[in-house]
Amino acid sequence: MNQTINDLKSRRSIRKFKDKQISDEDLKTILETGTYAPTARGMQSPKIVVIQNPETIKELSKWNRSYFPVDVPEDMDPFYGAKTILIVLADSKMPTFVEDGASVLAVLVNAAHAIGVGSCWIHRARDEFSSEKGKALLKKWGIPESYEGIGHVALGYPDMESPKPLPRKEDYIHYVD
Ligand SMILES: Cc1cc2nc3c(=O)[nH]c(=O)nc-3n(C[C@H](O)[C@H](O)[C@H](O)COP(=O)(O)O)c2cc1C
């Protein structure tokens with residue numbers, strides 16, 4: 001099978017990571033590839049925020065957990081112990097900001113897998129960055145207030161077998177005349 005097709009089909013969400021930071025080279029490759037994601041009118045409106053400071057990740061983890069729709073234990077880490085977290089933000093001034101951000105997220109997780117880095121797409125970025133705290137963080141980071149959170153990517157070297165994919169649903173694809 002073509003290598004790219006094989007990579008796209010074999011990527012699975014990884015939820016247990018080795019206690020080791022990913023290399024700068026791997027991180028750079030993933031980030032650079034993410035910037036080549038398709039975006040509406042080629043505007044490249046999203047931004048990718050990189051977090052590796054353990055204290056910042058701990059704080060982000062607690063914050064993300066606070067938006068879970070159900071009660072979860074205090075020690076539940078929504079980032080599964082990952083030592084690198086990417087946050088994809090996109091400019092709500094663009095009518096396609098959600099699609100643009102999701103496009104970047106999809107490329108990031110697949111780029112990571114292609115070079116042996118495990119990843120998991122993590123939700124609730126919209127809750128985070130539409131809050132007062134989120135807006136203050138954007139200001140601190142020098143990012144315009146119009147940016148919204150689209151999603152996070154937890155990154156690390158896998159410390160688990162890649163899960164088996166669910167069977168694809170029968171009616172996924174419709175051919176029409
Ligand atoms: C929009 C979106 C939000 C997601 N949010 C989470 C999340 O918060 N936590 C998590 O563990 N996985 C999350 N995932 C990963 C999905 O659960 C995962 O992709 C799905 O179960 C299919 O598994 P696979 O990625 O291994 O193919 C999210 C995926 C998407 C596309």
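Residues numbered from 1 in each chain as written. Predicted model: local features only at pLDDT ≥ 70, side-chain atom pairs only at ≥ 80, totals over all residues. Heavy atoms only, no water.

Per an unreviewed UniProt entry, the recorded name for the chain is Nitroreductase, and the organism is Methanobrevibacter gottschalkii DSM 11977. Reading the Cofactor (unreviewed entry) entry of the UniProt record for the chain gives the comment "FMN". Under the heading Sequence similarities (unreviewed entry), UniProt records this for the chain: "Belongs to the nitroreductase family." (UniProt positions renumbered as here; feature names shortened; annotations may be inferred.)

## Section: the pairing of strand β4 (residues 147–156)
Walk down a regular strand and you will see the side chains alternate between the two sheet faces. In terms of burial, β4 is largely enclosed, as 10 of its 10 residues are buried. Relative to β4, strand β2 (residues 84–91) runs antiparallel, the two being bridged by eight bridges. Bridge pairing in β4 links Ile 85 to Ala 154. Bridge count between strand β3 (residues 118–122) and β4: five bridges; the pairing is antiparallel. Considered in β4, the bridge of Trp 121 is made with Val 153. (Buried < 20%, exposed > 50% of the residue type's maximum accessible area, 1.4 Å probe, protein only. Helix = DSSP H or I, 4+ residues; strand = E, 2+ residues; numbered from the N terminus. Pairing = 2+ DSSP bridges.)

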